[in-house]
Amino acid sequence: MRVAIAGAGLAGLSCAKYLVDAGHTPIVLERRDVLGGKIAAWKDADGDWYETGLHIFFGAYPNMLQLFKELDIEDRLQWKEHTMIFNQPDQPGTYSRFDFPDLPAPINGVIAILGNNDMLTWPEKIKFGIGLIPAMIKGQKYVEAMDQYSWSEWMKKQNIPPRVEKEVFIAMSKALNFIDPNEISSTILLTALNRFLQEKNGSKMAFLDGSPTERLCDPLVEYITARGGEVRLNAPLKEILLNEDGSVKAFLLRGMDGAPDEVFTADCYVSAMPVDPLKVMLPHFWKQMDFFKKLDGLEGVPVINLHLWFDRKLTDIDHLLFSRSPLLSVYADMSNTCKEYANSDRSMLELVLAPARNWISKSDEEIIAATMAELEKLFPQHFTGDNPTQLLKSHVVKTPRSVYKATPGRQACRPDQKTPIKNFYLAGDYTMQQYLGSMEGAVLSGKLAASVIAQDSLLDAVNSSSDYNTTARKVQMV
Ligand SMILES: Cc1cc2nc3c(=O)[nH]c(=O)nc-3n(C[C@H](O)[C@H](O)[C@H](O)COP(=O)(O)OP(=O)(O)OC[C@H]3O[C@@H](n4cnc5c(N)ncnc54)[C@H](O)[C@@H]3O)c2cc1C
């Protein structure tokens, strides 16, 4: 089958990859002139890369790791020491670590938590451990049911001292969904904690060895095109055209630079766009359906990614850092963590600013000034004295609507990859899969969409053929 896929983020590219594996011909249609969506990156005039987001790959990402294996690019993941490092705002310039020993889960996680005495006291650790017991015993069913509570509400319900939230979970919820614990659904943190505690290497982190567009999207495109698929940039979906029965007749693509619009037909159609543009583009007839109506409950959350190039080294830490700053979320010195960005003389900090609600409309200059003021608090030793660190250059990338805002109740709004429309499917990190709004979730959603398309095509083949041999051949191909 020819399958038209709108969106060349990880979900669209993964869907296309698994469709070519199943013998189909995907054509990916991307609005922008760059691959990757939320993992897109650009090279500036000096040849330096800047990215939509600082991206971390976790040991608990089975579908992503499988994809790297299938593309034969596993060596591009740079695995870091199994630890989590937090800044200590009360003691500027110092760090606190949760070190995971090389032991089976959950023992390694328990030792990591018990071994950290900087951030939590023993009574706090014990109360937190007791509070987590239902999630560990009852598993995912309990975790899903807790979607009715914010993390702050859940912690209160479990009698966990508020200081645990302040010390650890403001940083964690900002890292996971760019919002604070009083907003984030407890399902998000419980899902992450369950994975981190139940899988030995679940919380182990890797950085890609270069820009995500070149090092991950390009090999995906090569794989897809080598097997008969196609990926077109500058091909924005403008409208979904319908047949009389409500199924998709064609994708109408907006003509670029004065070119006329193009009617693009295929055997079936996938939206791998984020939920926000999809909602705008839903045909009137579909909007009445409960399946599509519930998308109204999903909306992308704003986030800002900053890149700051300095005239000297600020850290030698080769890892992700949780800033624990009110303005910032996680950051990393990419001159240490990423092979292609390596520099032994100068630091390049990549930082995520979240929550970004009050910052997204501010100028780059205001955002950089506020970030520099925050860095001066984190690293006073570099910014004071006779020869303070100089900022050489910067890039700010704003994403006004990034991953869906995972507030309580959102799980019920997330749609399946299979829709009530017979030739229309969904892929995207917001669609229902167990990895929430993440790269792993995007890859898995694309894989699931490809799998239902292949199944439906198999059923069609069986239904439309009375000849046993033809059907058997089609089944084999699928
Ligand atoms: C700052 C930041 C940091 C992050 N950090 C991490 C992390 O550390 N770990 C992690 O796992 N995840 C992280 N994420 C989340 C991760 O990037 C996303 O979950 C994932 O990349 C989403 O992929 P997607 O394919 O579902 O959507 P997208 O990447 O948004 O792709 C959708 C594509 O559709 C295209 N499109 C939109 N409209 C149209 C149209 N009309 N026609 C055609 N195409 C269209 C878009 O241009 C885009 O290319 C981060 C995200 C951000 C923003």
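It should be noted that the structure appears before, not after, this text.
These lines cover the structure that appears in this document, whether it is placed above or below. Counting restarts for each chain, with residues numbered from 1 along the sequence as it is written. Predicted model: local features are reported for residues with pLDDT of at least 70 only, side-chain atom pairs are reported and counted for 80 or more only, and whole-chain, interface and lining totals are derived from all residues. No hydrogens and no water enter the side-chain calculation; it runs on all heavy atoms of the structure.

Points about the site of the ligand
Working step 1: Around the ligand sit 34 residues in total, of which Glu30, Lys38, His55, Tyr61 and Asp429 are the nearest.
Working step 2: Polar contact criterion, stated in full: a pair of N or O atoms within 3.5 Å, where within protein one must be able to donate a hydrogen and the other to accept it, and residues adjacent in sequence count only if both atoms are side-chain atoms. Here an oxygen atom of the ligand and a backbone polar atom of Ala11 are 2.9 Å apart.
Working step 3: Ser438 is positioned with one of its backbone polar atoms (N or O) 3.3 Å from an oxygen atom of the ligand.
Working step 4: Accessible surface is estimated by sampling points in the Shrake-Rupley manner with a 1.4 Å probe; for residues, cover comes only from the protein chains shown. Protein chains bury 94% of the 1,000 Å² of accessible surface belonging to the ligand in isolation.
Working step 5: Numbering goes from the N terminus for both helices and strands, where a helix is a DSSP run of H or I of at least four residues and a strand is a run of E of at least two. Only helix 1 (10–21) and helix 16 (439–464) provide two or more residues apiece to the shell around the ligand.
Working step 6: The residue makeup of the shell around the ligand, split by class, is 18 nonpolar, eleven polar and five charged. Whether a residue is near a molecule or strand depends on its heavy atoms: if one lies within 4 Å, it is near. In this classification, Asp, Glu, Lys and Arg are treated as charged, Ala, Val, Leu, Ile, Met, Phe, Trp, Tyr, Cys and Pro as nonpolar, and every other residue, Gly included, as polar.

Concerning the side chain of Lys174
Working step 1: Mapped onto the fold, Lys174 is located in helix 7 (residues 162–177).
Working step 2: For the buried residue Lys174, which engages in no salt bridge, the nearest side chain bearing the opposite charge is Asp180, 5.1 Å off.
Working step 3: In what follows, residue pairs with any heavy atoms lying within 4.5 Å of each other are defined as contacts. Excluding anything up to four places from it in sequence, Lys174 contacts Ile179, Asp180, Ser325, Pro326, Leu327, Leu328, Ser329, Ala354 and Pro355. The classification of residues rests on relative accessible area computed with a 1.4 Å probe and restricted to protein chains. Under 20% of the type maximum is buried, over 50% is exposed, and intermediate values are partly exposed. For the purpose of counting charges, residues Lys and Arg are taken to be positive, whereas Asp and Glu are taken to be negative. His and the chain ends are not included. Here a salt bridge means any side-chain nitrogen of Lys or Arg lying within 4 Å of a carboxyl oxygen belonging to Asp or Glu.

Here we look at the pattern of salt bridges
Working step 1: In this structure the tally under the stated criterion is 26 salt bridges.
Working step 2: Ionic pairing is found between Glu199 and Arg195, a salt bridge with its closest N-O pair at 3.7 Å.
Working step 3: Residue Asp456 is joined to Lys418 by a salt bridge in which the shortest nitrogen-to-oxygen separation is 2.8 Å. In this pair, Asp456 is assigned in helix 16 and Lys418 in the loop between strand 19 (391–399) and strand 20 (424–426), connecting sequence segments 38 residues apart.
Working step 4: A relative accessible area of 14% places Asp456 in the buried class.
Working step 5: Its relative accessible area of 37% is what places Lys418 among the partly exposed residues.
Working step 6: Taken together, the shared-partner salt bridges connect Glu124, Arg163, Lys166, Glu167 and Arg324 into one network.

Keep in mind that these numbers describe shape and distance, not what the molecule does.
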